[in-house]
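The residues making up each chain are set out below.
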Amino acid sequence: MKLSEQIKILDFVERGDERGNLVVIEGEYQDIPFDIKRVFYIYGSDATIVRGQHANRRTKFVLINVAGQSKVKVDNGFETQIISLDKPRMGLYLDTMVWKDMYDFSPDSILLVLCSEHYDGTEYIRDYDAYIKEVRKEHTNE
Ligand code: TYD
């Protein structure tokens with residue numbers, strides 16, 4: 001599968017006025033291509049830290065830097081792409097089985113993550129070599 005079909009940049013509507021900005025994310029598939037079951041956020045990481053470094057068998061994600069900036073390197077075993085998350089109105093959708101590294105966090109970075117599933121550590125693939133073997137095998141069987 002093409003990486004461009006497994007990731008998507010989402011552009012949320014910003015309802016700003018003279019009082020400031022407001023971004024709305026409606027659930028039930030209105031603004032997010034899945035039903036949101038879990039939310040977490042990452043802050044206090046810095047430019048020396050690399051987070052993520054895993055793929056998920058079942059969970060789809062939307063990543064939003066609601067403050068500050070970070071970068072995400074996505075990899076499907078065949079192609080990679082680096083996306084800069086630098087606007088609170090920008091989301092990055094990641095399908096299942098996409099390997100992701102989050103890094104280059106600005107000191108003020110707050111990375112909000114919306115998830116399609118509840119947390120289950122057993123659906124994570126944390127060994128890159130095992131990940132590569134699995135996605136390349138899947139590809140051969142297509
Ligand atoms: P981890 O997956 O390493 O975070 P990241 O993807 O940002 O690198 O998670 C760090 C710890 O938090 C790990 O012990 C698992 C736990 N955790 C939960 O209990 N629930 C969650 O929803 C998440 C994302 C992590």
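Provided above is the structure to which this section pertains.
Below, the structure is looked at part by part. Since the model is a prediction, treat every value here as computed from it, not as a measurement.

What about the packing of aromatic side chains?
Thinking step 1. In total, this model carries 6 aromatic pairs according to the counting rule given.
Thinking step 2. Relative to Tyr-131, the ring of Tyr-128 lies with its centre 6.1 Å away and its plane at 35°, an arrangement referred to as tilted. Of this pair, Tyr-128 and Tyr-131 both sit in helix α2 (residues 128-141), 3 residues apart, roughly one helical turn.
Thinking step 3. Classification of Tyr-128 as partly exposed rests on a relative accessible area of 34%.
Thinking step 4. Taking the relative accessible area as the measure of exposure, Tyr-131 reaches 0% and is therefore buried.
Thinking step 5. By way of ring pairs, the aromatic residues Trp-99, Tyr-128 and Tyr-131 are connected into one cluster.

Brief notes about the sheet that holds strand β4 (residues 61-67)
Note on sheets: strands pair through backbone hydrogen bonds, and any given pair is parallel or antiparallel.
Thinking step 1. The strand order across the open sheet formed by 5 strands is β1-β7-β4-β9-β2, and the pairing between neighbours is antiparallel. The open sheet has two edge strands, β1 (7-11) and β2 (38-43), and neither has a second partner. Mean inter-strand twist for the sheet, computed between neighbouring axes without regard to direction, equals 25°.
Thinking step 2. Sheet analysis places β4 next to strand β9 (residues 110-115), joined by 6 bridges and oriented antiparallel. Along β9, the bridge assignment pairs Phe-61 with Cys-115.

Some words on the pairing of strand β7 (residues 90-94)
Thinking step 1. The buried count for β7 comes to 5 of 5 residues, which makes it a mostly enclosed element.
Thinking step 2. Neither face of β7 is open: one carries Met-90, Leu-92 and Leu-94, the other Gly-91 and Tyr-93, and all of them are buried.
Thinking step 3. In terms of strand pairing, β4 meets β7 through 3 bridges, oriented antiparallel. Note on β7: the bridge partner recorded for Leu-63 is Leu-92.

Some words on unusual backbone geometry
The phi torsion of most residues other than glycine is negative, and most of the peptide bonds are trans.
Thinking step 1. Here the phi dihedral of Tyr-29 falls at roughly 70°; this positive angle occurs in a residue that is not glycine.
Thinking step 2. The phi angle at Gln-53 is positive, at roughly 60°, despite the residue not being glycine.
Thinking step 3. Among the secondary structure elements, Gln-53 is positioned in strand β3 (residues 50-56).
Thinking step 4. Residue Gln-53 is classed as partly exposed on the basis of its relative accessible area, which comes to 39%.

Focus on the site of the ligand
Thinking step 1. The immediate surroundings of the ligand are formed by Arg-38, Phe-40, Ile-42, Arg-51, Gly-52, His-54, Tyr-119, Tyr-124 and Arg-126.
Thinking step 2. Within the backbone of Gly-52, one N or O atom sits 2.8 Å away from an oxygen atom of the ligand.
Thinking step 3. In the model, an oxygen atom of the ligand is placed 3.0 Å from a nitrogen or oxygen of the Arg-126 side chain.
Thinking step 4. Relative to its unbound accessible area of 530 Å², the ligand is 60% covered by the protein chains.
Thinking step 5. Taken together, the residues of the shell around the ligand sort by class into 4 nonpolar, 2 polar and 3 charged.

Comments concerning the pattern of salt bridges
Here the idea is simple: oppositely charged side chains can pair when their charged atoms come close.
Thinking step 1. Going through the model one piece at a time under the given rule, you end up with 9 salt bridges.
Thinking step 2. Taking the shortest distance from any N to any O, the salt bridge between Asp-11 and Arg-89 comes out at 3.0 Å. One end of the pair, Asp-11, is in strand β1; the other, Arg-89, is in the loop between β6 (80-85) and β7, with 78 residues separating them in the sequence.
Thinking step 3. By relative accessible area, Arg-89 is classed as partly exposed at 26%.
Thinking step 4. Measuring nitrogen to oxygen at the nearest pair gives 3.4 Å for the salt bridge that ties Arg-58 to Asp-120. Here Arg-58 is found in the loop between β3 and β4, whereas its partner Asp-120 is found in the loop between β9 and β10 (124-125), with 62 residues between them in sequence.
Thinking step 5. We classify Asp-120 as partly exposed; its relative accessible area is 23%.
Thinking step 6. Within the structure, one salt-bridge network assembled from shared partners comprises Lys-37, Arg-58, Glu-117 and Asp-120.

Cut-offs and rules
- Think of each chain on its own: its residues are numbered from 1, step by step along the sequence as written.
- Residues qualify for local features only when their pLDDT is at least 70, as the model is predicted, and side-chain atom pairs are given and counted only at 80 or more; totals for whole chains, interfaces and linings, by contrast, use all residues.
- Where side-chain values are given, they derive from all heavy atoms of the structure, hydrogens and water being excluded.
- A pair of Phe, Tyr and Trp rings is counted when the ring centres sit within 6.5 Å of each other, with Trp represented by its six-membered ring. The angle between the planes then sorts it: under 30 degrees is stacked, over 60 is edge-to-face, the rest tilted.
- Helix and strand labels come from DSSP, where a helix needs a run of H or I of at least four residues and a strand needs a run of E of at least two; each type is numbered from the N terminus.
- For each residue, the accessible area found with a 1.4 Å probe, counting protein chains only, is set against the maximum for its type, and the residue is called buried under 20%, exposed over 50%, and partly exposed in between.
- Two strands are said to pair when DSSP picks up at least two bridges between them.
- Fitted lines through C-alpha atoms give the axes, limited to the stretch in contact for helices. The angle between two N-to-C directions lies from 0 to 180 degrees.
- Nearness is judged by heavy atoms alone; a residue qualifies as near a molecule or strand once a single heavy atom is within 4 Å of it.
- By the criterion applied in these results, polar contacts are pairs of N or O atoms within 3.5 Å in which, for protein atoms, one can donate a hydrogen and the other can accept it, and in which residues neighboring in sequence qualify only through two side-chain atoms.
- Working definition of accessibility: Shrake-Rupley area with a 1.4 Å probe, residue cover restricted to the visible protein chains.
- Polar here means any residue outside two lists: the nonpolar Ala, Val, Leu, Ile, Met, Phe, Trp, Tyr, Cys and Pro, and the charged Asp, Glu, Lys and Arg; Gly therefore counts as polar.
- Here a salt bridge means any side-chain nitrogen of Lys or Arg lying within 4 Å of a carboxyl oxygen belonging to Asp or Glu.

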